[in-house]
Structures are given as C-alpha cells and as structure tokens.
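# Structure assessment
If you want the building blocks of each chain, they are given just below.
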Amino acid sequence: MDGVQKKKGMPLAGQIFIALILGIIAGLALQGNVKFAVTYIKPFGTIFLNLVKFIVGPIVLFSIMAGVVSLSDIRKLGSIGGITLVYYFFTTAIATTIGLIIANSFKPLFPVLSTADLAFKVKNASPGPMKMLVDLFPSNFLAPLTSANMLQVIVMALLIGIAIIALGEKGEKAAAFINTWNDVFMKVMEMILALSPIGVFCLLCPVIAQNGTAVIGSLAKVILCAYIAYALHAILVYSMAVRAIGGMSPLKFFKGMMPAMLFAFSSASSVGTLPINMECANKLGASREVTSFALPLGATINMDGTAIYQGVCAVFIASCYGIDLTLPQMLTIVITATLASVGTAGVPGAGMIMLAMVLASVNLPVDGIALVAGVDRIFDMGRTTLNITGDASCAIIVTHLLEKKRK
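Residues numbered from 1 in each chain as written. Predicted model: local features only at pLDDT ≥ 70, side-chain atom pairs only at ≥ 80, totals over all residues. Heavy atoms only, no water.

We apply this condition: UniProt positions are given in the numbering used here, feature names are shortened, and annotations may be inferred rather than shown by experiment.
The name that an unreviewed UniProt entry assigns to the protein is Na+/H+-dicarboxylate symporter, with the source organism given as Acidaminococcus fermentans. According to the UniProt record, the Subcellular location (unreviewed entry) comment for the protein reads "Cell membrane".

Written as structure tokens, this is what we have:
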C-alpha cells in the first residue's frame with residue numbers, strides 16, 4: 001500500500017532501489033575519503049530528512065482527524081463497525097508486539113554502526129506508567145507539533161475528530177476543511193517523496209563510506225526478520241482467529257485467499273487489491289454487507305504488516321546506533337504504531353512516514369530511515385499481503401458472529 005508510483009516512467013520504488021545500489025557503490029568508493037561524503041553529500045540527505053520531519057506532524061494530525069470524521073457512519077452500522085474496529089486495533093497491537101519480539105531475538109545479528117557523524121544521545125530515565133499516561137495529553141495546541149510528540153498529536157487529532165462528529169450538521173464545514181487540508185498535506189507529502197531517491201543516496205552514501213559492508217549484509221537479516229514476523233502473525237493470529245471466532249478451517253481460508261494474496265504481493269497496493277480481495281472473501285462466505293464496509297475500511301486503517309515493519313525497523317535502527325530499547329519505549333512503539341494505523345490512511349509512502357513518527361515517539365534518530373528505505377519495496381510486498389489477509393479474516397469473523405447473533 002505504501003508504494004508510490006509516478007504516472008510515467010519508472011516507479012518511485014524502482015528509483016529508490018537504484019539509489020540504494022548507487023549509494024552503496026559510491027559509499028564503498030569513498031571509503032578512503034569519508035570527509036568528502038560527509039561534507040558535500042550528506043547535507044542534501046539532511047535537507048530531505050528535514051522535509052520528512054516537517055510533514056510528519058501535519059500529516060498525522062489531519063489524516064487522523066479526517067479518518068475519525070469519515071467513521072461517523074459507524075454508528076449506523078452498529079455491530080459491524082464495532083466488531084471491525086475492535087478486531088483491527090487488537091490485531092495491529094499484537095502485530096507490533098510480534099515484530100518487536102522477533103526483532104529482539106535477531107538483535108545479536110544486527111550491526112552497531114559508527115555514529116561519529118550522526119551523534120545521538122538517548123534521553124535517560126524510565127518515566128513510569130503514570131508519567132507516561134500524563135504525557136499522552138497535550139497542554140498546548142502547537143507544542144506537540146513543534147516538539148514532534150506524536151502520541152500527543154494523535155490524542156489531539158482524536159479529540160478534535162470526535163468533537164466534529166458530536167457537532168453533527170454544525171461540524172460539516174469543519175469536516176470539509178479538514179478533508180481539504182488533509183488532501184493538501186498529502187500532495188505535499190507526494191512532492192517530498194518524489195525526492196526520496198536523492199535523499200536515500202545522500203544519506204546512505206556517507207553511512208556506507210564510514211561503515212563499509214557491515215550495513216549491507218544486515219539488510220538481508222532485517223528483511224528475513226520482518227518476513228518471519230509476517231508469517232508468524234498470519235499463521236498464529238489469523239489462523240486462530242478464523243478457526244476460533246470465524247468457524248472456518250485456516251487451510252480453507254488461506255487457500256481461498258491465495259489469489260488476493262498473490263496480487264497484493266506483486267502490486268504492493270492494498271487499495272489496488274480491494275476488488276479481488278472482496279471477491280475472495282465473498283466466495284469464502286463473507287456477506288457482501290460486511291465486505292463492503294470492513295474491507296475498504298481495512299484497506300485504509302488496518303495495517304498489521306506495516307505495524308510489524310515499524311517494530312522490526314525500530315529495533316534494527318536502535319541496534320545500529322548502539323541503543324537498547326527499554327520496556328516503556330517498546331510499549332510506546334506498540335501504542336504509537338496501533339493508533340497511527342488510522343493516521344497513515346491513504347498517505348503515499350505511509351511506511352516511511354509512519355516509521356519516522358514511531359522513531360520520534362521513542363527518541364530514536366530519524367536518520368536511520370535511510371538504512372531501510374532503499375529496500376522498502378521488499379518490506380512493502382510482504383506487509384501489504386499481510387494487511388489484506390487481515391482485512392479478509394475480519395470479514396469472515398464479523399459475518400460469522402452476526403449470523404450467530406441472528407439465530
């Protein structure tokens with residue numbers, strides 16, 4: 001779902017991958033002249049990084065508000081909406097947790113890079129549960145945006161979105177205003193992401209020049225780590241949910257879903273897979289009433305695969321910087337990734353932007369995105385496949401629960 005493509009020419013994912021290869025080649029070539037790479041190439045990467053940081057706050061604020069406002073019809077859909085949302089948020093939280101567990105088990109295999117040019121200090125101290133709770137709520141409207149406190153931005157967006165729904169007709173103008181500005185910031189996001197190849201090259205080249213081949217082999221390890229987590233989530237969580245709550249054999253479910261899963265893997269687009277996903281779910285017995293609501297909503301807000309990606313990449317990037325994530329930080333990642341699954345709805349390049357937000361929420365260096373951005377398409381194929389499979393499992397489960405309720 002995260003893949004952004006230009007209407008003409010090479011897809012952006014392809015451009016980024018080429019930039020990754022060129023960045024590695026240039027970095028290896030400049031190992032004898034690290035100063036040049038740091039002084040004259042890295043600044044352009046920093047400019048790209050600054051633009052990404054600039055857009056994260058507005059994107060999260062307006063897209064979550066737009067998402068909440070668009071869910072006003074859930075009240076009319078009653079049971080369907082309630083069960084669907086609970087299932088989506090619950091499985092996303094589990095997905096992030098699985099990603100963190102698997103990534104921590106892989107941690108000894110991840111390298112510690114030289115951070116001479118990317119000096120970074122972790123804020124010490126574990127704030128404790130009550131302090132974490134208090135810190136969720138902003139005391140100032142602009143402060144969360146200026147300080148990149150993404151959990152506070154999410155809470156702020158949820159409060160405003162719910163207030164607009166509560167206003168009913170009076171809130172319609174505000175909803176239209178939010179949707180318009182959401183479109184504006186998504187267009188800005190699209191413009192910034194068009195610079196991704198340059199940004200990736202200029203950020204990665206100095207890293208490779210300083211660290212040589214240590215980081216290259218680690219990319220294969222982090223991709224393997226993510227795919228193991230994807231597979232575990234599908235086999236354990238979806239199989240158990242479909243069997244225990246949906247009353248269906250997991251083998252039947254996955255066999256019926258195979259066309260949609262293969263399409264999702266090759267296209268890396270949840271929205272593009274929607275028609276074939278609805279067809280597969282309907283053939284498996286999900287009612288059209290449920291699929292017409294649950295699957296489009298899932299393609300927008302249900303991102304289990306993306307949540308796993310956040311957990312894995314956060315641990316990988318922290319490891320590369322020699323940082324050990326604390327339990328409160330990992331809990332913050334679970335909360336942020338779960339809530340942000342709504343906030344990244346429909347945003348081009350959502351994986352990269354969501355990762356920037358997750359890293360900021362636990363005070364990790366956003367520069368680390370450059371380490372994984374070049375192979376984002378490989379992550380994207382797997383996480384999109386998991387995302388749409390989760391949507392379909394929800395449709396099967398909700399249909400079965402409603403049928404039992406009617407009996």
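## Brief notes about the UniProt feature "transmembrane region" (unreviewed entry) in the protein
The condition is simple: A run of H or I in DSSP counts as a helix once it spans at least four residues, and a run of E counts as a strand once it spans at least two, with each numbered from the N terminus.
According to UniProt, the feature "transmembrane region" (unreviewed entry) maps to residues 12-31, 51-71, 83-103, 141-167, 188-209, 215-239, 307-327 and 339-364 in the numbering used here. The distance from the first to the last C-alpha atom of residues 83-103 is 30 Å, and the span holds 100% helix and 0% strand. Structurally, residues 307-327 comprises 71% helix and 0% strand, and the distance from its first C-alpha atom to its last is 17 Å.

## Describing a nonpolar patch on the surface
Convention followed: A residue counts toward a patch only above 30% relative accessible area and without a salt bridge, and it is joined to like-charged neighbours within 9 Å or, for Val, Leu, Ile, Met, Phe, Trp and Tyr, to nonpolar neighbours within 5 Å. Here the open area of atoms and residues is found with the Shrake-Rupley method and a 1.4 Å probe, where only the protein chains shown may cover a residue. Between Lys or Arg on one side and Asp or Glu on the other, a salt bridge is scored when a side-chain nitrogen of the former is within 4 Å of a carboxyl oxygen of the latter. Summary of the burial criterion: residues with accessible area below 20% of their type's maximum are buried, those above 50% are exposed, and those between are partly exposed, where the area comes from a 1.4 Å probe applied to protein chains only.
A cluster of nonpolar side chains, contributed by Met10, Phe17, Ile18, Ile21, Leu22 and Ile25, occupies part of the molecular surface with about 520 Å² of accessible area. Tracing the backbone through its elements, the reader meets phenylalanine 17 in helix H1 (residues 12-29). On the accessibility criterion, phenylalanine 17 (38% relative accessible area) is partly exposed.

## Topic: the confidence of the model for the protein
Stated precisely, the cut-off is as follows: Values of pLDDT, ranging from 0 to 100, describe the predictor's confidence in every residue of the model. Two residues qualify as a contact provided that any one of their heavy atoms is within 4.5 Å of a heavy atom in the partner residue.
Chain-level statistics for the protein give a pLDDT mean of 81 and a share of 84% at 70 or above. Contacts for the low-pLDDT stretch residues 1-7, under 50 throughout, to residues beyond four places or in other chains number 29 contacts. Long-range and interchain partners of residues 115-126, a stretch whose pLDDT sits below 50, account for 19 contacts in this model, where long-range means more than four residues apart.

## Some remarks on helix H14 (residues 304-320)
Let me state the cut-off plainly: A helix's residues, less one, multiplied by 1.5 Å, set its expected span.
Over its 17 residues, H14 runs 24 Å from end to end, which matches the ideal 24 Å to within 8%, given 1.5 Å per residue. H14 sits mainly inside the fold: 17 of its 17 residues count as buried. In the segment just after H14, glycine 322 is the residue with positive phi, at about 70°.

## Describing the environment of leucine 295
With respect to the secondary-structure elements, leucine 295 resides in helix H13 (residues 288-301). By relative accessible area, leucine 295 is classed as buried at 0%. For the pair leucine 295 and alanine 395, spaced 100 residues apart in sequence, the C-alpha separation works out to 7.1 Å. When sequence neighbours within four positions are dropped, the list of residues in contact with leucine 295 reads Tyr88, Leu274, Asn277, Met278, Ala281, Val290, Asp391, Ala392 and Ala395.

## Here's the deal with helix H8 (residues 172-193)
How we decide: Note that the arc is defined by the directions from the helix axis to the C-beta atoms.
Between its first and last C-alpha, H8 extends 31 Å over 22 residues, near the 32 Å set by a 1.5 Å rise per residue. Taken together, the buried positions of H8 are Ala175, Ile178, Asn182, Phe185, Met186, Met189, Ile192 and Leu193. Viewed along the axis of H8, the buried residues span an arc of 110°, placing them on a single side of the element. In H8, the exposed positions that point more than 90 degrees away from the buried face belong to Lys173 and Met191.

## Some words on the side chain of aspartate 391
How we decide: When charges are counted, Lys and Arg are positive and Asp and Glu negative, with His and the chain ends excluded.
Structurally, aspartate 391 is set in helix H18 (residues 376-406). Lacking a salt bridge, the buried aspartate 391 has arginine 383 as its closest oppositely charged neighbour, with an N-O distance of 13 Å. For aspartate 391, the contacting residues outside a window of four places in its chain are Tyr88, Asn277, Leu295, Gly298, Ala299 and Asn302.

## Considerations on the nonpolar core
Applied cut-off: To form a nonpolar core, buried Ala, Val, Leu, Ile, Met, Phe, Trp, Tyr and Cys residues must be joined to one another through side-chain atoms within 4.5 Å.
Counting residues in each nonpolar core, the largest one holds 123 residues, and the members touching the most others are Phe253, Met257, Phe316, Leu355, Leu364, Ile369 and Phe379. Looking at this core, the element that brings in the most residues is helix H2 (residues 34-70), giving 14 residues. Counting residues in each nonpolar core, the second largest holds seven residues, with Ala26, Leu30, Ala37 and Ile41 among its members.

## Remarks on the packing of aromatic side chains
Note the cut-off: Pairing of aromatic side chains here covers Phe, Tyr and the six-membered ring of Trp, requires ring centres within 6.5 Å, and sorts the geometry by plane angle: under 30 degrees stacked, over 60 edge-to-face, intermediate tilted. Here, a charge over a ring means that NZ of Lys or CZ of Arg falls within 6 Å of the ring centre while also lying within 35 degrees of the ring normal.
Summed over the entire model, instances satisfying the criterion amount to nine aromatic pairs. Centre to centre, the rings of tyrosine 87 and tyrosine 88 are 6.4 Å apart; their planes meet at 55°, and the pair counts as tilted. Aromatic pair phenylalanine 253 and phenylalanine 254: ring centres 5.2 Å apart, planes at 70°, arrangement edge-to-face. The exposure class of phenylalanine 253 is buried, given its relative accessible area of 0%. For phenylalanine 254, a relative accessible area of 17% translates into the label buried. Each member of the aromatic cluster is reached from another via a ring pair, and the members are Phe62, Phe177, Trp181 and Phe185. A cation sits over an aromatic face here: arginine 383 above tyrosine 309, 4.2 Å from the ring centre.

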